[in-house]
Protein chains: 2
Amino acid sequence: MTNRHAPFDQIATPKVMCLSCPARQSFLCSGLDDHQLQHLAARASRFELMRGKNLILEGDPSDNVYNIISGDVAVSRVSADGRRQILGFLSKGDFVGLTLSENYSFSAEALSDAKLCRFDRRSLDELVERFPEMDRQLRRMGAAAMDAMLDLVFALGRKTAQERVASFLIGLSHKQGNCDDPALHVYLAMTRSDIADYLGLTIETVSRILSRLKSSQVIRIKAVNRIEILDLDQLQSLADADLS
Amino acid sequence: MTNRHAPFDQIATPKVMCLSCPARQSFLCSGLDDHQLQHLAARASRFELMRGKNLILEGDPSDNVYNIISGDVAVSRVSADGRRQILGFLSKGDFVGLTLSENYSFSAEALSDAKLCRFDRRSLDELVERFPEMDRQLRRMGAAAMDAMLDLVFALGRKTAQERVASFLIGLSHKQGNCDDPALHVYLAMTRSDIADYLGLTIETVSRILSRLKSSQVIRIKAVNRIEILDLDQLQSLADADLS
DNA sequence: CGTGGATTTGAGGACCTTCAAAAGCGGTGG
DNA sequence: CCACCGCTTTTGAAGGTCCTCAAATCCACG
């Protein structure tokens, strides 16, 4: 009762408490002290998004920036005739919607039920003005996003289907593990169709290659969305074509 | 004589005069006033790079940032087995080498004899500290680079060879023309091999598609590196698959 | 005018897609 | 609890786009 229609009473809004936020370690927040986080909290509002719902629609005015508290989000671009290219998969701690143009040039959709934190872009800008450290963090995040894009460009332009799928699994393994300790049990928040649209392939090709990796004992498909990596070295060498 | 070994005498160094720089309108410089430009000039050094020479090698420490005064540069990534993916073509006014990581994650090569302006990254950072406006410009440039990457990702992942080549020509046409007035005579600073490595194709495919566009009267190949667009609308529709 | 590299063109083949159908999986209701 | 339904995934067969290999042509340059 107290927090409905009480947008100005931030203290009474238990929904937004950055100090105890699960995404506290995210790029943006990790560089801030408690004082700054309070300012951040004052401008944020939490909400949930059901699986399959759009967070952002290509072309919409870019008024908000979102931080993912939990769940998975796919960022994509779709052509007039329906071809879809997924630009990236985001999860806990990642930001969605950071752009400098007036309108979003991509869509974003929840792959699972997700909890999010909404920031007004204007007030985020003010905050950046006030705390230059946030700017560094934003730049760092932008740079990380760019690195991911460069990897994707190389994969799409110059890797075979098998190399793309292997790279993709390696990537998941690193994201879900810790530094230098890749996870061997990876969870696929996305469908085969999402993977295909990310890797520039078809559902069938993705499925066939996963089957092939399975029969060569490189992976084990424990469930449709849970894969165990049995031979990481082998998977890595199948993924390569990477670094020079 | 006066300007050799006189690095502290900026006025006497005719090599670096941002006020009259051909790249004066570049993203970075266009937002600065004369005073700021003088500071910029104090930290910049001009030099030339022969065609085919590398400006940046993947893995090198990212100590410098370059602004292109004239000429064309290709940014690329190469895998262990020699596969190359060109990430972008840059020309007058563009910056090369902007990254936040300690080492470059890409190479850069001159496609033609080029004139460049070198900035020490450290002193550029100081400058940014001092003139927040420069930061905006840097962000803007980063965002533009990201937009280009997103377009490339879509092309590589979801466009046919013909669509990629058509998009590429349209892109050149816009870069070489003015706003809303695409150039109909485009100059190709890059070889077929470069185009292929940019579009994720082979030389032969690029050549075949250009020939096909020629015989369908969409373009005219005036020279191996000069193409005239005869039917822009047709080319545009061949390129599409674009916006939703 | 000859030479070497880039480009174009051709023929055949590989990889991935398309089309099609079977199998697996989760949820709902009888 | 199980049968049924819809959807996703897997698997198979055929086909197309693009690649590979090869040779001819073009072009710049000495």
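Under an unreviewed UniProt entry, the name given to chain A is Transcriptional regulator, and the organism recorded is Iodidimonas gelatinilytica.

**Student:** Please provide a residue-by-residue account of the overall build of chain A, values included.
**Tutor:** The helix and strand tally for chain A stands at 8 helices and 11 strands. A separation threshold of at least 6 residues defines the contact pool for chain A, and within that pool the share at least 24 residues apart is 69%. For chain A, the exposed surface amounts to about 12200 Å²; the carbon and sulfur share of it is 51%.

**Student:** Explain the interface of chain A and chain B to me, using residue names and the numbers behind them.
**Tutor:** Residue-level contacts link 43 residues of chain A with 43 residues of chain B. Across the chain A/chain B interface, buried area totals approximately 3400 Å², and carbon plus sulfur atoms make up 59% of it. Broken down residue by residue, the surface that chain A buries against chain B is led by Arg-83, Arg-139 and Arg-158 of chain A, which jointly contribute 21%. At the boundary of chain A with chain B, the tally comes to 8 salt bridges. Across the pair Asp-151 of chain B and Arg-77 of chain A runs a salt bridge whose closest N-O atoms are separated by 2.5 Å. Across the chain A-chain B interface, the total number found is 16 residue pairs in polar contact (both at pLDDT 80 or more). Elements represented by at least two residues in the side of chain A that touches chain B include exactly strand S4 (73–78), strand S5 (84–90), helix H4 (132–158) and helix H6 (192–199) of chain A. Among the elements that take part in the side of chain A that touches chain B, H4 of chain A stands out by supplying 18 residues, more than any other. For the side of chain A that touches chain B, a count of residues per class yields 19 nonpolar, 8 polar and 16 charged.

**Student:** Before we move on, could you go through the packing of aromatic side chains and cite the residues and values that matter?
**Tutor:** If you walk through the whole model with that rule in mind, you get 12 aromatic pairs over all chains. Aromatic side chains Phe-89 of chain B and Tyr-198 of chain B sit 5.0 Å apart centroid to centroid with 55 degrees between the ring planes, which places their arrangement in the tilted category. Of this pair, Phe-89 of chain B sits in strand S5 (residues 84–90) while Tyr-198 of chain B sits in helix H6 (residues 192–199); the two residues are 109 residues apart in sequence, bridging distant segments of the chain. Phe-89 of chain B gets classed as buried once you look at its relative accessible area, which sits at 10%. Taken together, the ring pairs in this structure connect Phe-89, Phe-168 and Tyr-198 of chain A into an aromatic cluster. Seen from the ring of Phe-47 of chain A, Arg-118 of chain A lies directly overhead, with NZ or CZ sitting 4.2 Å from the centre.

**Student:** Tell me what's going on with the sheet that holds strand S11 (residues 226–229) of chain A, and back it up with residues and numbers.
**Tutor:** All names here are of chain A. Reading across the sheet, the 3 strands line up as S9-S11-S10 and stay open at both edges, with antiparallel pairing between neighbours. In the strand order of this sheet, the two ends are held by strand S9 (185–187) and strand S10 (219–223), each with one partner. The average angle at which neighbouring strand axes cross in this sheet is 25 degrees, direction not considered. Where S10 lies against S11, 4 bridges are found, and the strand directions are antiparallel. Paired with Ile-219 across the two strands is Ile-229, which belongs to S11. Along the sheet, helix H5 (residues 161–176) makes contact with S9, S10 and S11, crossing S9 at roughly 95 degrees.

**Student:** Give me the sheet that holds strand S2 (residues 54–56) of chain A: which residues, what numbers.
**Tutor:** With respect to topology, 4 strands assemble into an open sheet ordered S2-S7-S4-S5 (chain A), the strand pairing being antiparallel. With partners counted over all chains shown, the strands left at the sheet margins are S2 and S5 of chain A, one partner each. Across this sheet, the average inter-strand angle for adjacent strands is 30 degrees, counted without regard to direction. Where S4 of chain A and S5 of chain A come together, 6 bridges link them in antiparallel fashion. Residue Arg-77 of chain A lies in a different strand from S5 of chain A, and its bridge partner there is Gln-85 of chain A. Helix H4 (residues 132–158) of chain B contacts S4 and S5 of chain A of the sheet and is inclined by roughly 120 degrees relative to S5 of chain A.

**Student:** Can you break down the relation of the copies chain A and chain B residue by residue, with the values?
**Tutor:** Of the transformation placing chain A onto chain B, the axial shift is 0.0 Å and the rotation is 180 degrees, giving an RMSD of 0.1 Å. Both chain copies can therefore be described as sitting about a two-fold axis. By residue overlap, the copies meet face to face through one surface: 100% of the interface positions of chain A are interface positions in chain B.

**Student:** Provide a residue-level description of a negative patch on the surface, including the pertinent values.
**Tutor:** On the surface, a cluster of negative charge is made up of Asp-60, Asp-63, Glu-102, Asp-120, Asp-125 and Glu-129 of chain A. Within the secondary structure, Glu-102 of chain A sits in the loop between strand S6 (95–96) and strand S7 (107–110).

**Student:** Please give an account of the protein's contact with DNA strand D that cites residues and values.
**Tutor:** Neighbouring DNA strand D are 15 residues, the closest being Arg-192, Ser-207 and Ser-211 of chain A together with Ala-161 and Thr-205 of chain B. Among all atoms of DNA strand D positioned within 4 Å of the protein, those belonging to sugar or phosphate total 67%. Residue Ala-161 of chain B places a main-chain N or O atom 2.7 Å away from a phosphate oxygen belonging to DNA strand D. Within the side chain of Thr-202 of chain B, a nitrogen or oxygen atom sits 3.2 Å from a phosphate oxygen of DNA strand D. At the level of secondary structure, the elements contributing two or more residues to the surface near DNA strand D comprise helix H7 (203–215) of chain A together with helix H7 (203–215) of chain B. Ranked by residues supplied to the surface near DNA strand D, first place goes to H7 of chain A with 4 residues. When the residues that make up the surface near DNA strand D are grouped by side-chain class, the tally is 3 nonpolar, 7 polar and 5 charged.

Thresholds, definitions, all that
Starting afresh in each chain, residues are numbered from 1 along the sequence in its written order. By the order in which they are written, chains take letters starting at A while ligands take numbers starting at 1. Given that the model is predicted, a residue must reach a pLDDT of at least 70 before its local features are reported, and side-chain atom pairs must reach 80 or more before they are shown or counted; all residues, however, enter totals for whole chains, interfaces and linings. As a convention, hydrogens and water are excluded, and side-chain values are obtained from all of the structure's heavy atoms. Runs of E in the DSSP output that reach at least two residues are strands. Runs of H or I that reach at least four are helices, and both are numbered from the N terminus. By definition in these notes, contact holds between two residues if any of their heavy atoms fall within 4.5 Å. To measure how exposed things are, a 1.4 Å probe is used in the Shrake-Rupley method; for residues, cover is taken only from the protein chains shown. By buried area we mean how much accessible surface two parts lose on assembly, using a 1.4 Å probe and totalling the loss over both. Salt bridges are defined by distance alone: a side-chain nitrogen of Lys or Arg within 4 Å of a carboxyl oxygen of Asp or Glu. Polar contacts, as used here, are pairs of N or O atoms within 3.5 Å; protein pairs need one atom able to donate a hydrogen and one able to accept it. Residues neighboring in sequence count only if both atoms are side-chain atoms. Residues were grouped as follows: Ala, Val, Leu, Ile, Met, Phe, Trp, Tyr, Cys and Pro as nonpolar; Asp, Glu, Lys and Arg as charged; and all remaining residues, including Gly, as polar. Side-chain rings of Phe, Tyr and Trp (the six-membered ring for Trp) are treated as a pair once their centres are within 6.5 Å; stacked means planes under 30 degrees apart, edge-to-face means over 60, and tilted covers the remaining angles. Residue burial is assigned from relative accessible area. The probe radius is 1.4 Å, only protein chains are included, and a residue is buried under 20% of its type maximum, exposed over 50%, and partly exposed in between. Here, a charge over a ring is recorded when the distance from Lys NZ or Arg CZ to the ring centre is within 6 Å and its angle to the ring normal is within 35 degrees. Criterion used throughout: strands pair if DSSP finds at least two bridges between them. Fitted lines through C-alpha atoms give the axes, limited to the stretch in contact for helices. The angle between two N-to-C directions lies from 0 to 180 degrees. Least squares is the method for superposing the copies, and the C-alpha atoms it fits come from residues with pLDDT of at least 70 in both. A patch consists of residues whose relative accessible area exceeds 30% and which take part in no salt bridge; residues with like charges are grouped when within 9 Å of each other, and nonpolar side chains (Val, Leu, Ile, Met, Phe, Trp, Tyr) when within 5 Å. Only four residue types enter the charge count: Lys and Arg as positive, Asp and Glu as negative, with His and the chain ends excluded. By convention, charge coordinates are those of NZ in Lys, CZ in Arg, CG in Asp, or CD in Glu. Nearness here has a simple test: a residue counts as near a molecule or strand if at least one of its heavy atoms is within 4 Å of that partner.

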